[in-house]
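Summary of structural features
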Amino acid sequence: MLLGKNNRIGKTFDQVEVGDSIQITEKIEDQQLLLYLGLTNDSNPLFIQHDYASRTEFGRPIVPTVLLNGIITSTISKYLPGPGSRIIELALQFPGILYHYETIHIVLNVIDKRESIQGIMIHVEGRNLSTDELIVTGTVIAIPPK
């Protein structure tokens, strides 16, 4: 796919500042889950089958962590630093569970710039919007476009 003249390039290393941040809120719907399952061929019934999940410790289907990963990485690719950036390291933990139809609020905050690799370190924290439970936390290292 060729990009047209009007597509923007994200922030370069010199344009990104420690303290830059972005917040996103995403409600997890069936469509997202079905797309994930179709793309990854993940057949874990815990993610989609209500009858199966009701017999587990969770009681209902949970959102796959890799779907949350995708929301985080796409936010970096789209907004901070934006188009043309690439992620070289993910270090995420998932202490909480997000269920279908719940909403996650994710804050990404630039906490360090690494001159040696022309990269930025982004702290990630995602919480269930209704319960304030910590769902995801960690860091991502991204290389902004040149």
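Just so we're clear, the structure is a prediction, and the values are computed from it rather than from any experiment.

Parameters and conventions
- Counting of residues starts from 1 at the beginning of each chain's written sequence and follows it residue by residue.
- Thresholds applied to this predicted model are a pLDDT of at least 70 for local features of residues and 80 or more for the giving and counting of side-chain atom pairs; totals over whole chains, interfaces and linings are not thresholded and use all residues.
- As a rule here, side-chain values come from all non-hydrogen atoms in the structure, and water together with hydrogens is ignored.
- Helix and strand assignments come from DSSP, with helices taken as H or I runs of at least 4 residues and strands as E runs of at least 2, each series counted from the N terminus.
- The buried label applies to any residue whose accessible area, calculated with a 1.4 Å probe on protein chains only, is under 20% of its type's maximum; exposed applies above 50%, and partly exposed to all values in between.
- Side-chain atoms alone can form a polar contact between residues adjacent in sequence; in general such a contact is a pair of N or O atoms within 3.5 Å, and within protein one must be able to donate a hydrogen while the other accepts it.
- Throughout, a contact is declared for two residues whenever any of their heavy atoms are within 4.5 Å.
- Put simply, buried Ala, Val, Leu, Ile, Met, Phe, Trp, Tyr and Cys residues joined by side-chain atoms within 4.5 Å make one nonpolar core.
- UniProt positions are given in the numbering used here, feature names are shortened, and annotations may be inferred rather than shown by experiment.
- Two rings belonging to Phe, Tyr or Trp (six-membered ring only in the last case) form a pair when the distance between their centres is within 6.5 Å. Interplanar angles under 30 degrees mark stacking, angles over 60 mark edge-to-face geometry, and anything in between is tilted.
- Cation placement over rings: the criterion is NZ of Lys or CZ of Arg within 6 Å of the ring centroid and within 35° of the ring normal.

Right, let's get into the side chain of Thr-137. For Thr-137, the position within the fold is in strand S5 (residues 134-143). Judged by relative accessible area, Thr-137 falls into the buried class, the value being 18%. One polar contact links the side chain of Thr-137 to the main-chain carbonyl oxygen of Val-124, over a distance of 3.5 Å. Ignoring sequence-local partners within four residues, the contact set of Thr-137 consists of Ala-91, Leu-92, Gln-93, His-123, Val-124 and Glu-125.

What follows deals with the nonpolar core. The biggest cluster of nonpolar side chains holds 33 residues, and the ones touching the most others in it are Ile-72, Ile-106 and Leu-108. By residue number, the principal contributor to this core is helix H3 (residues 65-78), which donates five residues. Setting aside residues up to four positions removed in sequence, Ile-106 forms contacts with Ile-22, Gln-23, Ile-24, Ile-71, Ile-72, Val-124, Glu-125 and Gly-126.

Turning next to the UniProt feature "domain: MaoC-like" (unreviewed entry) in the protein chain. When the UniProt feature table is mapped onto this chain numbering, "domain: MaoC-like" (unreviewed entry) sits at residues 23-127. Along residues 23-127, the helical share is 28% and the strand share 32%, with 11 Å between the first and last C-alpha atoms.

Right, let's get into the packing of aromatic side chains. For the structure shown, the criterion picks out one aromatic pair. With a centroid separation of 6.3 Å and an interplanar angle of 75 degrees, the aromatic rings of Tyr-36 and Phe-47 are classed as edge-to-face. Of this pair, Tyr-36 sits in helix H1 (residues 30-40) while Phe-47 sits in the loop between H1 and helix H2 (50-53); the two residues are eleven residues apart in sequence, bridging distant segments of the chain. Taken individually, Tyr-36 and Phe-47 each receive the classification buried, so the pair is uniform in this respect. It is Arg-60 that lies over the ring of Tyr-99; its NZ or CZ is 3.9 Å from the centre. Residue placement shows Lys-113 over the ring face of Phe-13; its charged tip is 4.5 Å from the ring centre.

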